[in-house]
Amino acid sequence: MHYFTSSRSIKGSVNNSIFNTSSDFYIIRIMVDADSVKTDEAVVYKSIILSNNERTPQVIRNALLKFCIDDDPENYTLSHVLPDKEVILPMSANVYYAVNSVYDLNFLLRKKVQETTQSLLNELILKMSL
């Protein structure tokens, strides 16, 4: 009798959000900022596979597909949520190598603030400080 075995074995320890197999991908959790998408007050996250060659726009595109959001990835930011802060990943980053895998691989997808909205906010802050 022949038994088929996988050529890959799970290496490293498994924590609640990361499965690192053969060091070529992670399984990450992505949440969408509640202000960006209507979620009925629920915290919803999706798990996606992050391969070692994906840049930020591709990861955002994959997350948008998972959340059934039809929008341009350029309209969003992707942040790695750490215990004491969020790290916004540049659009040119290779996300696999940019993350700190010591922490849970929790990410936040947030719609970018439009430049006109940001400039209006800056003007308002300036007026309030006078």
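The coordinates are above.
Definitions and limits used
Residues numbered from 1 in each chain as written. Predicted model: local features only at pLDDT ≥ 70, side-chain atom pairs only at ≥ 80, totals over all residues. Heavy atoms only, no water. Pairing = 2+ DSSP bridges. Helix = DSSP H or I, 4+ residues; strand = E, 2+ residues; numbered from the N terminus. Core = buried A, V, L, I, M, F, W, Y, C linked by side-chain atoms within 4.5 Å. Buried < 20%, exposed > 50% of the residue type's maximum accessible area, 1.4 Å probe, protein only. Contact = heavy atoms within 4.5 Å. Salt bridge = Lys/Arg side-chain N within 4 Å of Asp/Glu carboxyl O.

Could you clarify how one ought to interpret the pairing of strand β5 (residues 106-111) in this entry?
Each regular strand displays side chains that alternate between the two surfaces of the sheet. Relative to β5, strand β1 (residues 25-32) runs parallel, the two sharing four bridges. Its bridge partner lying in β5, Ile-30 is registered against Phe-107. By the bridge criterion, five bridges tie strand β3 (residues 76-81) to β5 in an arrangement that is antiparallel. Bridge pairing links His-80 to Phe-107 in β5.

So what exactly am I meant to see when it comes to the nonpolar core here?
As a rule of thumb, nonpolar side chains are buried together in soluble globular proteins. One finds Ile-28, Ile-30, Val-59, Leu-78, Val-95, Phe-107 and Leu-109 to be the most contacted residues of the largest nonpolar core, which totals 21 residues. Those elements that provide at least two residues to this core are β1, β2 (45-51), α1 (56-66), β3, α2 (95-98) and β5. Excluding its chain neighbours within four sequence positions, the residues that come into contact with Val-95 are Leu-50, Glu-54, Arg-55, Thr-56, Val-59, Leu-78, Leu-89 and Phe-107.

What is the right way to look at the pattern of salt bridges in this model?
Once their charged atoms are close, side chains differing in charge can pair, the charge on each being opposite to the other. Here the structure, examined in full by the defined rule, presents three salt bridges. With its nearest N and O atoms 2.5 Å apart, the salt bridge here joins Asp-71 to Lys-111. Taken together, the positions of Asp-71 in the loop between α1 and β3 and Lys-111 in strand β5 put the pair 40 residues apart, joining distant regions of the chain. Taking the relative accessible area as the measure of exposure, Asp-71 reaches 25% and is therefore partly exposed. What makes Lys-111 partly exposed here is its relative accessible area of 31%.

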